[in-house]
Amino acid sequence: MPGVKMAELALIDDIRAASRLMVRELGFMDATVAASDYPPSAVHTILEIGIRGPLTSGELGDFLRLEKSSVSRLVRKLIDCGELRETADERDARSKLLSLTAKGRRTLEALHAFGRQQVRGALAALTEAEQRKVREGMTLYARALRQSRMEAGVELAA
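Conventions we followed
- Residues numbered from 1 in each chain as written.
- Predicted model: local features only at pLDDT ≥ 70, side-chain atom pairs only at ≥ 80, totals over all residues.
- Heavy atoms only, no water.
- Helix = DSSP H or I, 4+ residues; strand = E, 2+ residues; numbered from the N terminus.
- Buried < 20%, exposed > 50% of the residue type's maximum accessible area, 1.4 Å probe, protein only.
- Contact = heavy atoms within 4.5 Å.
- Areas by Shrake-Rupley, 256 points an atom, 1.4 Å probe, with all protein chains shown as cover.
- Core = buried A, V, L, I, M, F, W, Y, C linked by side-chain atoms within 4.5 Å.
- Patch = residues over 30% accessible without salt bridge, like charges linked within 9 Å, V, L, I, M, F, W, Y side chains within 5 Å.
- Salt bridge = Lys/Arg side-chain N within 4 Å of Asp/Glu carboxyl O.

- The protein chain appears in an unreviewed UniProt entry as Transcriptional regulator from Bradyrhizobium guangdongense.

Shown next, in the form of structure tokens:
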């Protein structure tokens, strides 16, 4: 990286290394995550629909930053597994809303329990001040990543 100082390069590389370690430690390199039978994209779908409420496939794809074809396959699998259902969107008859079924809500609770235990275990090794630092740092970094992507105009390939 021309023009980048060694200290800045070290900072960037340290953050990248920490990000990769977090991905591995959280289990996102595994075929399935969060003690479920689902890949990361399916787990995120269940979590986000559970947290945000009914979404269209387009809204889900935009939020998760997945291509339309990937969302379509993912949604079909989760409907077939009984986790999601489609209902007509009262605002737009051409659209369908995705929501959790009773099974999906049970899966959501299990995902929350798993994730909370995972984070609780990690936070137990830190002081309260360090825990607050982690929350603040991760929030700031996530926001900065989103802002950087949006400023760069990075969109999904159509």
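**Looking at the overall build of the protein chain**
Line of reasoning, step 1. Assigned secondary structure in the protein chain consists of 6 helices and 2 strands.
Line of reasoning, step 2. Dimensions of the protein chain, computed from C-alpha atoms along their principal axes, come out at roughly 55 × 40 × 25 Å.
Line of reasoning, step 3. Looking at the protein chain as a whole, 23% of its 158 residues are labelled buried.
Line of reasoning, step 4. Pairs at least 24 residues apart make up 48% of the contacts formed inside the protein chain by residues separated by at least 6 positions.
Line of reasoning, step 5. When the accessible surface of the protein chain is split by element, carbon and sulfur atoms take 56% of a total near 11400 Å².

**So, the nonpolar core**
Line of reasoning, step 1. In this structure, Val 43, Ile 46, Ile 49, Leu 60 and Leu 78 are the most contacted members of the largest nonpolar core, which totals 21 residues.
Line of reasoning, step 2. Put simply, the parts of the chain that give this core at least two residues each are helix 2 (40-52), helix 3 (57-64), helix 4 (68-80), strand 2 (92-100) and helix 5 (102-123).
Line of reasoning, step 3. Ignoring any residue separated from it by four or fewer positions in sequence, one finds Leu 60 in contact with Thr 45, Ile 49, Leu 55, Val 71, Val 75 and Leu 98.

**Here's the deal with a nonpolar patch on the surface**
Line of reasoning, step 1. Taken together, the side chains of Met 22, Val 23, Leu 26, Phe 28, Met 29, Leu 126, Val 134 and Met 138 define a hydrophobic patch exposed on the protein surface, amounting to about 650 Å² of accessible area.
Line of reasoning, step 2. Listing elements by their share of the nonpolar patch, those giving two or more residues are helix 1 (6-25) and helix 6 (128-152).
Line of reasoning, step 3. Using a relative accessible area of 38% as the deciding quantity, one classes Met 22 as partly exposed.

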